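# Survey of secondary and tertiary structure
Below are the chains, spelled out letter by letter.
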Amino acid sequence: MNKGEREALAGLLPFEAEPRLPDGRRRLLKEFVMSEIRRPAGHPRRRPPRPALLASALALGVAAAVSVPVLLGSGTPAYAVSRNPDGTLTITINQAKDPEPLEATLRSMGVNAVVDYIPSGKRCSPQPRSTSFLSRKESEHPADGRPFLIWPPNTDEPAFRIDPAAVKPGQTAVLEFSVSDDGIGKTAGIWANISNGPVAPCTLVDSDEAPLGPPAGWDD
Amino acid sequence: MSLRARIRDGDAEAFGALFEEMERPVFSHAFRLTGDWSAAEDVLSLTFLEAWRLRHRIDADGGSLRPWVLGIATNVARNLRRASRRYHDALARMPRGHPVPDFSDEIAGRIDAAEKLAAIRQAFGSLRREEQEVFALCVWSGLDHAEAAEALGVAVGTVRSRLSRARRKLEKLAAERQQAGGWRQVKGDHDSVVRSVREAKR
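Calculation rules
- Residues numbered from 1 in each chain as written.
- Chains lettered and ligands numbered in written order.
- Predicted model: local features only at pLDDT ≥ 70, side-chain atom pairs only at ≥ 80, totals over all residues.
- Helix = DSSP H or I, 4+ residues; strand = E, 2+ residues; numbered from the N terminus.
- Buried ≥ 20, exposed ≤ 12 C-beta atoms within 10 Å, placed from the backbone.
- Contact = placed C-beta atoms within 7 Å.
- Axes fitted to C-alpha atoms, helices over the stretch in contact; angles between N-to-C directions.
- Parallel < 35°, antiparallel > 145°, perpendicular 65-115°, else oblique.
- Left-handed = near helix turned anticlockwise from the far one by under 90°.
- Nonpolar A, V, L, I, M, F, W, Y, C, P; charged D, E, K, R; others polar.
- Pairing = 2+ DSSP bridges.
- pLDDT = per-residue confidence, 0-100.
- Core = buried A, V, L, I, M, F, W, Y, C linked by C-beta atoms within 7 Å.
- Domains from an automatic or database assignment.

With that out of the way, let us pick up the overall build of chain A. Counting its regular elements, chain A contains 4 helices and 10 strands. Walking chain A from its N terminus toward its C terminus, one meets helices and strands in the order α-α-β-β-β-α-β-β-α-β-β-β-β-β. A total of 220 residues make up chain A; the buried ones form 35% of that total. In chain A, the proportion of contacts linking residues at least 24 apart, taken out of those at least 6 apart, comes to 64%.

Counting secondary structure elements, chain B contains 13 helices and 0 strands. Starting at the N terminus and walking to the C terminus, you meet the elements of chain B as α-α-α-α-α-α-α-α-α-α-α-α-α. Taken over 202 residues, chain B has a buried fraction of 40%. Nonlocal contacts in chain B, meaning residues at least 24 apart in sequence, comprise 71% of its contacts between residues at least 6 apart.

Here we take up the packing of helix α9 (residues 129–140) of chain B against helix α10 (residues 145–152) of chain B. All names here are of chain B. Interaxial distance between α9 and α10 falls to 9 Å at its minimum, and their mutual angle equals 130 degrees. In this view, α9 runs oblique relative to α10, as classed from their interaxial angle. For the element pair α9 and α10, the recorded crossing hand is right-handed. Facing α9, whose interface residues are E133, V134, L137 and C138, α10 presents H145, A148, A151 and L152.

Right, let's get into the packing of helix α3 (residues 37–53) of chain B against helix α4 (residues 66–78) of chain B. Residues and elements named next belong to chain B. It is at 9 Å that the axes of α3 and α4 come closest, and there the two elements cross at 120 degrees. Our classification of the angle between α3 and α4 gives oblique. Two packed elements cross with a definite hand, and for α3 against α4 that hand is right-handed. On the side of α3, the interface is formed by V43, L46, T47, E50 and A51, while α4 contributes V69, I72, A73, V76 and A77. Its residues assigned to classes, the contact of α3 with α4 shows 8 nonpolar, 1 polar and 1 charged.

Moving on, we come to the interface of chain A and chain B. Facing 37 residues of chain A, the contacting portion of chain B comprises 43 residues. Elements represented by at least two residues in the side of chain A that touches chain B include exactly α1 (3–12), α2 (23–37), β1 (63–68) and β9 (186–195) of chain A. When residues of the side of chain A that touches chain B are assigned to their parent elements, the largest contribution, 10 residues, is made by α2 of chain A. Looking at side-chain class alone, the side of chain A that touches chain B contains 24 nonpolar, 3 polar and 10 charged residues.

Pairing in this open sheet of 4 strands is antiparallel, and the strands run β2-β3-β7-β6 (chain A) from one edge to the other. Either end of the sheet is taken by a strand with one partner, and the two such strands are β2 (79–83) and β6 (149–150) of chain A.

In this section: the confidence of the model for chain A. Residue and element names in this part refer to chain A. Across chain A, the average pLDDT comes to 78, with 79% of residues at or above 70. The weakest mean pLDDT in chain A belongs to β1 at 53; the strongest belongs to strand β4 (residues 113–117) at 94. Here residues 68–74 is modelled with pLDDT under 50, and outside its nearest four sequence neighbours on either side it reaches 13 contacts, counting other chains as well.

Moving on, we come to the nonpolar core. Grouped burial of nonpolar side chains is what soluble globular proteins tend to show. Residues F177 and A192 of chain A together with A30, A73 and A148 of chain B are the most contacted members of the largest nonpolar core, which totals 90 residues. By residue number, the principal contributor to this core is helix α2 (residues 12–34) of chain B, which donates 9 residues. In this structure, this core is formed jointly by two domains, domain 1 (1–99) and domain 2 (101–202) of chain B, each of which donates at least three residues. Once residues lying within four places of it in the same chain are set aside, the contact partners of A148 of chain B are V134, L137, C138, L143 and V159 of chain B.

Quick look at the confidence of the model for chain B now. Residue and element names in this part refer to chain B. The predicted model of chain B averages 81 in pLDDT, with 79% of residues at 70 or higher. Confidence over residues 181–202 falls short of pLDDT 50; this stretch has 28 contacts with residues more than four positions distant or in other chains. Scored as a complex, the prediction yields pTM 0.54 and ipTM 0.82.

The next point concerns the pairing of strand β3 (residues 89–93) of chain A. Residue and element names in this part refer to chain A. For β3, the tally of buried residues reaches 4 of 5 residues, placing the bulk of the element in the interior. As defined by bridge partners, β2 adjoins β3 across 5 bridges and the pair is classed as antiparallel. Bridge pairing in β3 places Y79 opposite I93. Taken together, the 3 bridges between β3 and strand β7 (residues 160–162) define a ladder with antiparallel strand orientation. In the strand pairing of β7, L89 is matched with I162.

Here it is, written out as structure tokens:
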């Protein structure tokens, strides 16, 4: 196609302004795409269902996800918590229902925690639920080198790992979980942070945003 | 090793360079096809996730990957729902912003520009989907016939004929518009479109 022809056509629909993403947004989306493609090869959808499939760390913050076994035999607990020799806890989420028992279990194991499950298409309101959350940097790279959410978890089975020692007296750990099911595999997601002050209860509201945690840029 | 070969072999750094190079053309193309800022952001992300998934299809030899990437973007925009299902989990992790689109602000600030944009969208919308895709690729994204054919996976002759059909329809519309008195005629017809653009600014 020659220049004249293109100009004639362009003149018929003169879309002059160039739609452009703001730089910050462009960087965020690039970071998102790059962290997605760096996840281990093989999308769960393309594999037969099987347990033990770990996702890599997300560069986006303290949100993280693991795939969990698709088949829940009768008697499979909705969740499981076990203590590791180094004092950390391994949490397995099989079903996102009844967060209270998990919250009670964590409290009995010495973690002052607030736990919520976020169904698909919802999010907590308000977000952020605390005005005194640790910043992303403090939460991911604390001075003592022991972050609350350990990622990747390096567990044998798909699970999350947290370190109770990261929750100091007077602080509250906030954990939000989701479980999504694409018909072949399930993926559990977690968002975790520590609040120095009160934590608002989670009221579920309709949302087409990411379900877990406050929106991007909350700690800017 | 060429950028093509590196991406085909799974070199994430090379893929990052492709993102840098193609982000703007892909976003513009997606916005023009969908007319929707947030959908265009989804198309942008999904296009690159698809490009990574399909990287083994890249030939080590060849020129720019621009036609290939814009072809994927066209497919994603056409089947956004299907693509969203495939990447359902990834999209759940996608950072949802509250973008302040400079573009919409700029447009909303100028009523004549908003009217013009609404008129362009209406005329574009009168084309068949295949004609829209060829028009957007060849005219707005600057691909030549052969590149557009590569992007869409169709014969060069098909690109030419779709483009001529598009041209005939648009010329007819332009003639009708002129008879009716230019862009001002559009205002009454598309008041609601103009208003929604303005409201988006609030």
